[in-house]
Structures are given as structure tokens and as C-alpha cells.
Amino acid sequence: MDRFSLLLLEPGEVYFEDFKVVYHIRPEDKQPQIQNEVPGRLKVCSKCVVFVPFSHALPMLKFPLADCDIIEEWTPKSFQSALAYKQEIMFISCKQTVEMLSQSIIAPYKFRRQKETFVFSFTYRKVADCLSQ
């Protein structure tokens, strides 16, 4: 069951499309570890991007586009990175991230007001398909 609902969006916001992705918590690590990869779906909307992990224990992450500095295709800084062999990787740099529905419990959202970066690898689609939205 998908935890994402259109009720989580701002009034007047439009939902466009979603993509199957893997969120990489530590993308520059040389040895890939399964606990550093979180599979889920990336929902692209008109005012935000929402990551919905498949695990219901983890919170959904909302990236308001107004607070995003950079959204682009990403390449690792080192060829020894665990992601050096992967293609179709997207990088999001955001000044504010919103955590929603942690443990699938309805509670006040947590606003993390600090600059953070997030790296997602696309499973079936190309990054250009998402960035064109």
C-alpha cells in the first residue's frame, strides 16, 4: 500500500509522475552496503518532489522546489565510489527537507532546515525523464 496521498500536497499543487528509485545515503562510499540503499518511489509534483520509501518504518521525505538549490544528473567524484558503475543518478541539494509519516504514524511534520544533499538512482527510467518535468 502506498502511503503517498494527494492530501499531502499544497493547495493547487499538481502531481505529475512517479519513478522507482533507490536513495543512496552515502553515495561516495567505496564499498556499497545494503543498509545505505533505500528503495522507494520518487513522486514529482509542481511545487515539490517527494521520496516515499518502501519501508513503512522510514519517513517520507518532501523536497520543496522553492528550497532546492540544485536538481541535476550526478556523477561520482571518485571512480572508486560504489556508484561509479551506475548510470541515471539524480542529485538534489536542498535547504529544507520535510519528514512526514515516520513509522506511518500521523504526527506533525519535522522540518529540517539545513542544507542537505540526496542522491537517487533510477531503476527503469532516465534522469532526463524526471528533470524535464
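Look up: the structure comes first, before these words.
Residues numbered from 1 in each chain as written. Predicted model: local features only at pLDDT ≥ 70, side-chain atom pairs only at ≥ 80, totals over all residues. Heavy atoms only, no water.

**Section: the environment of Val119**
Thought 1: Summarising the element assignment, Val119 is placed in strand β9 (residues 116-122).
Thought 2: Sequence separation of Val119 and Ile71 is 48 residues, and the distance between their C-alpha atoms is 9.9 Å. (Helix = DSSP H or I, 4+ residues; strand = E, 2+ residues; numbered from the N terminus.)

**Describing the pattern of salt bridges**
Thought 1: The tally for this structure, following the rule as stated, stands at 7 salt bridges.
Thought 2: Taking the shortest distance from any N to any O, the salt bridge between Asp69 and Lys115 comes out at 2.8 Å. Within this pair, whereas Asp69 is found in strand β5 (residues 68-73), its partner Lys115 is found in the loop between β8 (110-112) and β9, the two being separated by 46 residues in sequence.
Thought 3: Owing to a relative accessible area of 37%, Asp69 belongs among the partly exposed residues under this scheme.
Thought 4: The exposure class assigned to Lys115 is exposed, which follows from its relative accessible area of 57%.
Thought 5: Linking Arg112 and Glu116 is a salt bridge whose minimum nitrogen-to-oxygen distance equals 3.0 Å.
Thought 6: The exposure class of Arg112 is partly exposed, given its relative accessible area of 22%. (Salt bridge = Lys/Arg side-chain N within 4 Å of Asp/Glu carboxyl O. Buried < 20%, exposed > 50% of the residue type's maximum accessible area, 1.4 Å probe, protein only.)

**Focus: the layout of surface pockets**
Thought 1: Taken as a whole, the largest pocket spans an internal volume of roughly 160 Å³.
Thought 2: Lining the largest pocket are 13 residues, with Glu10, Lys62, Pro64, Val98 and Phe111 sitting closest to its centre.
Thought 3: Contributions of two or more residues to the lining of the largest pocket are made by β4 (60-64) and β7 (97-100).
Thought 4: Its residues placed into classes, the lining of the largest pocket shows 9 nonpolar, 1 polar and 3 charged. (1 Å grid on protein atoms, 1.4 Å probe; cavity = no way out; pocket = protein on both sides within 12 Å on 5 of 7 lines; lining within 4 Å. Points joined across faces, edges and corners; volume = space filled by probe spheres on them. Nonpolar A, V, L, I, M, F, W, Y, C, P; charged D, E, K, R; others polar.)

**Description of the side chain of Glu13**
Thought 1: Relative to the helices and strands, Glu13 resides in the segment before β1 (15-24).
Thought 2: The side chain of Glu13 is buried and forms no salt bridge, while Lys62, the nearest opposite charge, is found at 4.6 Å.
Thought 3: Within polar-contact distance, the side chain of Glu13 engages the backbone nitrogen of Glu10 at 2.9 Å. (Lys, Arg positive; Asp, Glu negative; His and termini not counted. Polar contact = N/O pair within 3.5 Å; in protein donor to acceptor, adjacent residues only side chain to side chain.)

**Side note on the nonpolar core**
Thought 1: Ranked by internal contacts, the top residues of the largest apolar core, which has 17 residues, are Leu42, Phe51, Phe63, Ile92 and Phe120.
Thought 2: Sorting the residues of this core by element identifies β1, β2 (37-45), β3 (48-53), β4, β6 (89-94) and β9 as the ones contributing at least two each.
Thought 3: Among residues more than four places away in sequence, those in contact with Phe63 are Cys48, Val49, Phe51, Cys68, Ile92, Cys94, Thr97, Phe118 and Phe120.
Thought 4: Among the nonpolar cores identified, the runner-up in size contains 11 residues, and Val50, Val98, Met100 and Leu101 belong to it. (Core = buried A, V, L, I, M, F, W, Y, C linked by side-chain atoms within 4.5 Å. Contact = heavy atoms within 4.5 Å.)

**Examining the pairing of β4**
Note on strand geometry: in a regular strand, side chains alternate between the two faces of the sheet.
Thought 1: Burial analysis of β4 places 5 of its 5 residues in the buried class, the great majority of the element.
Thought 2: By the alternation rule, side chains of β4 split into Met60, Lys62 and Pro64 and Leu61 and Phe63, which are all buried.
Thought 3: In this structure, β3 lies alongside β4, joined through 4 bridges in antiparallel fashion. Residue pairing in the sheet places Cys48 in a bridge with Pro64 of β4.
Thought 4: If you look at the hairpin formed by β3 and β4, you'll find 6 residues sitting between the two strands.
Thought 5: Both β4 and β7 contribute to a ladder of 3 bridges, which runs antiparallel. Its bridge partner lying in β7, Met60 is registered against Met100. (Pairing = 2+ DSSP bridges.)

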